[in-house]
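Listed below, chain by chain, are the residues.
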Amino acid sequence: MLDSKHMEENMLEVKKRLESRGAEIDFDEFRALDLGRKEIIKKVEELERERNLGSKKMGELMRGGKKDEAADLQEQMRLISEQIRDLGELRARAEEEFRNFMLTIPNIPHDSVPIGRSDTDNLEIRKWGEPKDFDFEPKDHVEIGKDLDILDLDRAAKITGARFALYKGLGARLERALVNFMLDLHTNEHGYTEVLPPFMANTESFIGTGNLPKFEEDLFKIEGTNFYLIPTAEVPVTNIHRDEILKEDELPIKYVAYTPCFRSEAGSYGKDVKGIIRQHQFNKVELVKFSNPNSSYEEHESLTSDAARVLELLGLPYRVVALCTGDMGFSSAKTYDLEVWVPSEKTYREISSCSNFEDFQARRASIRYRPKDGGKVKLVHTLNGSGLAVGRTVIGILENYQEADGSVTIPEVLVPYMGGATSITR
RNA sequence: GGAGAGGUGGCCGAGUGGUCGAAGGCGCUCGCCUGCUAAGCGAGUAAGGGGGUUAUUCUCCUUCGAGGGUUCGAAUCCCUCCCUCUCCGCCA
């Protein structure tokens, strides 16, 4: 959520920046809702003040035993109370309307974000590693998985449906090995604290991160509750500190969490239907930071390189891309995507998305900190990034490490996590 | 699932209809004292919103788990819901 005061005072600027990401906001409506709300607040508060004064007087009269005077006053007060009740309802409605409006406005892109409309306008920042030259035609991960009997998509479809996976043998082991490898790396070497959150969260949490109210169709809802399956650990982990005031000394707080992620993938029919690129359920290790606003962009850089380090240690070629204004997520002020090389497609595919939300989520979720110098409490900045999406890392390994004989070599760092296995063979 | 207790400021905790945004303690900030540390003494210390200045100050309103109700007036009484704890039952 944006700061409504800032919006009011910099309307043209904000409008321009939002348009750069393709968001058309009706500022006339904003103004009308905001002014209407303030006007009614003023009226109600004036009446409430009268009521408070009257009540105080009433207390004095009662204690002084002046019953007649008290009776007169009581009648007046009754009228005021009625008005407060009526206007109070209007006020509640006006404030809710205003808030609902504000909740649908996306974040303002940071200055450094390239302007553009779609992913074709994204900016490549850097590349790491050399895509391998195969002296045979590389297979895609579906074929590899089938041939090695480690990935069974047909049976997953039988069990549940399309866009689900069944891993088998060393395939299942590889998924688990990656989760453990990533968690160990981020906790031991990058200073993150491991958390294991609930895999469902309530409406408030989803509003906090910006997934609700606008994107309900992307989520799986649990019938008969106000719980949704999490589409990313970002939701439960960011909400760890919802409605809290942190100490400045505690910042930055850095969490890493493994969770499965559940996405309805509404609107992506026919897209990435093959293999395990796009699933209704997938595993992810997520990095989340709560940062001092002064240093959130440094934290963003380091978070991105923490995620990239996983790819480097696994020896997977990747590139870093700065998303353009038109391609960024709703809540983000700036996003880098990490993209891993996929030999069968001869292209890079997203494997991690690292974002700085500035105070957008913090304002929605009321996550603040008390400055050391004793000033007013301030909103923190929140950040997160995949470190990494596990299923897509499996794709990267299967395809980049495949051999002419159909086997797949296990990257050295993973061997201890694979029970000593150095390759997957038929 | 059954029975009971409870949710109050950054934290703990008192408070059963008006004098309560709320005692006391802890923590924190500043000052004093002190060879260092600790202790001691004094003062200050909730958040959100509206108005006014916009630099500080000022002023008003709201908030005692959430939402309704009773009342001239609710932290306090009533109802519903959420959550926590204890005991019993069941269960991974």
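The following refers to the structure shown. (Residues numbered from 1 in each chain as written. Chains lettered and ligands numbered in written order. Predicted model: local features only at pLDDT ≥ 70, side-chain atom pairs only at ≥ 80, totals over all residues. Heavy atoms only, no water.)

### Description of the side chain of Glu339
Right, so step 1: As for its position among the elements, Glu339 is in strand 9 (residues 334–342).
Right, so step 2: Among the polar contacts made by the side chain of Glu339, one reaches the side chain of Arg319 at a distance of 2.6 Å.
Right, so step 3: Each residue touching Glu339, except ones within four places of it in the same chain, is listed here: Pro317, Tyr318, Arg319, Val321, Tyr348, Arg349, Glu350 and Ile351. (Helix = DSSP H or I, 4+ residues; strand = E, 2+ residues; numbered from the N terminus. Polar contact = N/O pair within 3.5 Å; in protein donor to acceptor, adjacent residues only side chain to side chain. Contact = heavy atoms within 4.5 Å.)

### A few points about the sheet that holds strand 5 (residues 244–247)
Right, so step 1: What the three strands build is an open sheet, ordered 5-11-12; its pairing is mixed. This sheet does not close on itself; its edge strands, each paired only once, are strand 5 and strand 12 (378–379).
Right, so step 2: Relative to strand 12, strand 11 (residues 367–370) is paired through two bridges, and the arrangement is antiparallel. When the bridges of strand 12 are listed, Tyr369 appears paired with Lys378. (Pairing = 2+ DSSP bridges.)

### Some thoughts on the environment of Gly161
Right, so step 1: Within the secondary structure, Gly161 sits in the loop between helix 6 (153–159) and helix 7 (170–188).
Right, so step 2: Considering only alpha carbons, one finds Gly161 and Ser112, 49 residues apart in sequence, at a separation of 42 Å.

### Let's talk about the packing of helix 7 against helix 12 (residues 390–400)
Right, so step 1: Contact geometry of helix 7 with helix 12 gives a least axis separation of 10 Å together with a crossing angle of 110°. With respect to each other, helix 7 and helix 12 are oriented roughly perpendicular. Between helix 7 and helix 12 lies a crossing of right-handed hand. Contacts between helix 7 and helix 12 involve Leu174, Glu175, Leu178, Val179 and Met182 from the first element and Val390, Gly391, Thr393, Val394, Ile397 and Leu398 from the second. (Axes fitted to C-alpha atoms, helices over the stretch in contact; angles between N-to-C directions. Parallel < 35°, antiparallel > 145°, perpendicular 65-115°, else oblique. Left-handed = near helix turned anticlockwise from the far one by under 90°.)

### A look at the side chain of Arg278
Right, so step 1: Mapping Arg278 onto the fold places it in the loop between strand 6 (253–262) and strand 7 (281–291).
Right, so step 2: Engagement of the side chain of Arg278 in a polar contact is seen with the side chain of Glu265, the distance being 3.3 Å.
Right, so step 3: A polar contact is formed between the side chain of Arg278 and the side chain of Asp272, at a distance of 2.9 Å.

### Topic: the state of the cysteines
Right, so step 1: Applying the stated criterion to the full structure yields zero disulfides.
Right, so step 2: The cysteine Cys324 is free of any disulfide, with Cys354 supplying the nearest cysteine sulfur at 17 Å.
Right, so step 3: Distance from the sulfur of Cys354, which forms no disulfide, to the nearest cysteine sulfur (Cys261) is 14 Å. (Disulfide = S-S within 2.5 Å.)

### Things to note about the protein's contact with RNA strand B
Right, so step 1: Taken together, 24 residues are adjacent to RNA strand B, and Arg37, Glu48, Met77, Arg78 and Ser81 come closest.
Right, so step 2: Of all atoms in RNA strand B that approach within 4 Å of the protein, 78% are sugar or phosphate atoms.
Right, so step 3: A distance of 2.5 Å separates a sugar or linking oxygen of RNA strand B from a polar atom in the side chain of Glu48.
Right, so step 4: One nitrogen or oxygen atom from the side chain of Gln74 is found 3.3 Å from a phosphate oxygen belonging to RNA strand B.
Right, so step 5: Looking at the surface near RNA strand B, the elements with two or more residues in it are helix 3 (27–64), helix 4 (67–103) and strand 11.
Right, so step 6: With 13 residues, helix 3 is the single largest residue contributor to the surface near RNA strand B.
Right, so step 7: Here the residues of the surface near RNA strand B are counted per class, giving six nonpolar, five polar and 13 charged. (Near = heavy atom within 4 Å. Nonpolar A, V, L, I, M, F, W, Y, C, P; charged D, E, K, R; others polar.)

### Some remarks on the pattern of salt bridges
Right, so step 1: Taken as a whole, this structure holds 27 salt bridges when the rule is applied.
Right, so step 2: Taking the shortest distance from any N to any O, the salt bridge between Lys38 and Asp34 comes out at 3.5 Å. Of this pair, Lys38 and Asp34 are both found in helix 3, four residues apart, which corresponds to roughly one turn of the helix.
Right, so step 3: A cluster of three or more residues bridged by salt bridges with shared partners is formed by Glu8, Asp34, Arg37, Lys38, Arg91 and Glu95. (Salt bridge = Lys/Arg side-chain N within 4 Å of Asp/Glu carboxyl O.)

### Things to note about the sheet that holds strand 13 (residues 381–389)
Right, so step 1: As summarised here, the arrangement of the eight strands in space is 1-8-9-10-13-7-6-2, forming an open sheet in which the pairing is mixed. The strands lining the two open edges of the sheet, one partner per strand, are strand 1 (123–128) and strand 2 (193–195). Mean inter-strand twist for the sheet, computed between neighbouring axes without regard to direction, equals 25°.
Right, so step 2: Bridge analysis of strand 10 (residues 347–356) against strand 13 gives three bridges, and the strand direction is antiparallel. Across the sheet, residue Cys354 finds its bridge partner in strand 13, namely Gly385.
Right, so step 3: Sheet contacts for helix 10 (residues 296–314): strand 1, strand 7, strand 8 (318–322), strand 9, strand 10 and strand 13; angle to strand 13, the most-contacted strand, approximately 5°.

### Considerations on a negative patch on the surface
Right, so step 1: A contiguous patch of negative charge, built from Asp26, Asp28, Glu29, Glu96 and Glu97, is present on the exposed surface.
Right, so step 2: If you list the elements that add at least two residues to the negative patch, you get helix 3 and helix 4.
Right, so step 3: Within the element layout of this structure, Asp28 appears in helix 3.
Right, so step 4: Residue classification places Asp28 among the exposed positions, given a relative accessible area of 61%. (Patch = residues over 30% accessible without salt bridge, like charges linked within 9 Å, V, L, I, M, F, W, Y side chains within 5 Å. Areas by Shrake-Rupley, 256 points an atom, 1.4 Å probe, with all protein chains shown as cover. Lys, Arg positive; Asp, Glu negative; His and termini not counted. Charge placed at Lys NZ, Arg CZ, Asp CG, Glu CD. Buried < 20%, exposed > 50% of the residue type's maximum accessible area, 1.4 Å probe, protein only.)

### Looking at the packing of aromatic side chains
Right, so step 1: All told, the structure shown has 11 aromatic pairs when counted by the stated rule.
Right, so step 2: Here the aromatic rings of Phe27 and Phe30 are separated by 6.1 Å at their centres, their planes lie at 65°, and the arrangement is edge-to-face. A residue pair is termed a helical-turn pair when its members lie 3 or 4 positions apart in one helix, as Phe27 and Phe30 do in helix 3 at three residues. As far as burial versus exposure is concerned, Phe27 and Phe30 are alike and both buried.
Right, so step 3: With a centroid separation of 5.2 Å and 70° between ring planes, the pair formed by Phe215 and Phe330 is classed as edge-to-face. With a gap of 115 residues between them, Phe215 in the loop between helix 8 (203–209) and strand 4 (227–229) and Phe330 in the loop between strand 8 and strand 9 connect regions that are remote in the sequence.
Right, so step 4: For Phe330, a relative accessible area of 11% corresponds to the buried category. (Phe/Tyr/Trp six-rings, centres within 6.5 Å; stacked < 30°, edge-to-face > 60°.)

Such coordinate-based values are descriptive only and should not be taken to indicate function.
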